[in-house]
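Descriptive structure summary
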Amino acid sequence: MATARSLGRPETDAVGVKARGRWARPHIRRETPHGRRRGVAARVWSERSAYVFLLPGMLIFSVFTLAALIFAVYLTFHRWSIIEPDRPFVGLDNYRDMIQDERFTGSVLNTIYFSGASVPLSMAIGLLLALLLNLPLRMRGLFRAMFYLPVVTPFVVSAILWKWLYNGDYGLLNHYLLQAHLIDAPLLWLSDKNLAMPAVVLMSVWAGTGFSMVVYLAGLQAIPSELYESARIDGAGVWQRLRYITIPMLRPTTLFLAVMGIISSLQVFTQIFVMTSGGPVNKTTTMVYYMYLWAFKYFDMGYASTLAFALFLMLLAFTALQLRLMRQGYDA
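Residues numbered from 1 in each chain as written. Predicted model: local features only at pLDDT ≥ 70, side-chain atom pairs only at ≥ 80, totals over all residues. Heavy atoms only, no water.

Angle between the axes and distance between the axes: these two values describe a pair of packed helices. Between helix α4 (residues 102-133) and helix α8 (residues 196-221), the least distance of the axes is 6 Å, while the angle of their chain directions is 40°. The angle between α4 and α8 places the two elements in the oblique class. Helix-helix and strand crossings are classified by hand; for α4 and α8 the assignment is right-handed. Here the residues of the contact of α4 with α8 sort into 20 nonpolar, seven polar and no charged. (Axes fitted to C-alpha atoms, helices over the stretch in contact; angles between N-to-C directions. Helix = DSSP H or I, 4+ residues; strand = E, 2+ residues; numbered from the N terminus. Parallel < 35°, antiparallel > 145°, perpendicular 65-115°, else oblique. Left-handed = near helix turned anticlockwise from the far one by under 90°. Nonpolar A, V, L, I, M, F, W, Y, C, P; charged D, E, K, R; others polar.)

Below is the structure:
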């Protein structure tokens, strides 16, 4: 007689089992919540060595990130001065002040201006350089290293160098523009309210183009060469191959660079701090620099924390946008 085991079924699926010469229904053991808890505890105990290794990182994260975040939320409900002992609870006053703060609104607009100008320029120039340096040129490794060098140069060093270049008295930029008869008098790049932000944007594009170039190079080298060979056989020219093969295949790379560049540019601080200090007339005051002013110049940590949470919400929105665009890019 074929048994349940010989038929490939578990014994508990049979109508009954024979025990002591009699047939009886199988006893199915049901797991209770207490049993599940014991199972989880047993698995944790069996993998205790892994949790021991994770414990230092979890402690560091809890103390320096999670606890700091909770304390920052607590600060937003207080008028918290670091030089005065009285730190009253003000409820939502900091949030109301932030909404009505014209300088905060200006800092948001300046940050959007900076992001909208620097990110597309960095990506466009990076793509152009990647296309050129992906060709079989001599010494292209040297050129790649040269264009990537500004990325690994500290931002403080780069900002100081560009501040010298922009100097109205002895700056090299004015010198060469005068020599080329493009201007009649030296320009005050960092003191003119119409030129200060474009000057910072130009410096940031110079510093960030190398990263876009390297990422685009990786994307170009991941495109199958068979696509280009088939296009050549079909008579497609350089522009057609670029339009119908290269750019569509680089869509995930472009989305990655766009979102990462926007998130990074929303946190711009070093260039502003070194080159313009938010001037002239607050034309280069960005959100992070405005937050710095309230924290370390006006000593109001409560309002500075409120501004930080406003920036956090903007970054959260762009992160959600990143996930959605990346998902659509992979589904397309």
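On we go.
Let's shift gears to the side chain of S81. Considering the arrangement of structural elements, one finds S81 in the loop between α2 (48-75) and α3 (93-100). A polar contact is formed between the side chain of S81 and the backbone nitrogen of I83, at a distance of 3.3 Å. Aside from chain neighbours lying at most four places away, what touches S81 is R87 and F299. (Polar contact = N/O pair within 3.5 Å; in protein donor to acceptor, adjacent residues only side chain to side chain. Contact = heavy atoms within 4.5 Å.)

Moving on, we come to the layout of surface pockets. Within this model, the largest pocket holds a volume of roughly 550 Å³. Lining of the largest pocket is provided by 24 residues; of these, F155, S204, G208, G261 and S264 occupy positions nearest its centre. Residue assignment for the lining of the largest pocket shows that the elements contributing at least two residues are α4, α5 (140-152), α8, α11 (251-265) and α12 (270-276). Residues belonging to the lining of the largest pocket are distributed by class as follows: 12 nonpolar, 12 polar and no charged. Quantified by volume, the second largest pocket comes out at close to 430 Å³. Forming the walls of the second largest pocket are 14 residues, and the residues nearest its centre are L131, N134, L135, Y228 and T246. Counting only elements with at least two residues in the lining of the second largest pocket, the list comes to α4, α9 (225-233) and α10 (238-249). Of all the elements, α10 adds the most residues to the lining of the second largest pocket, at four residues. Of the residues contributing to the lining of the second largest pocket, the split by class is nine nonpolar, three polar and two charged. (1 Å grid on protein atoms, 1.4 Å probe; cavity = no way out; pocket = protein on both sides within 12 Å on 5 of 7 lines; lining within 4 Å. Points joined across faces, edges and corners; volume = space filled by probe spheres on them.)

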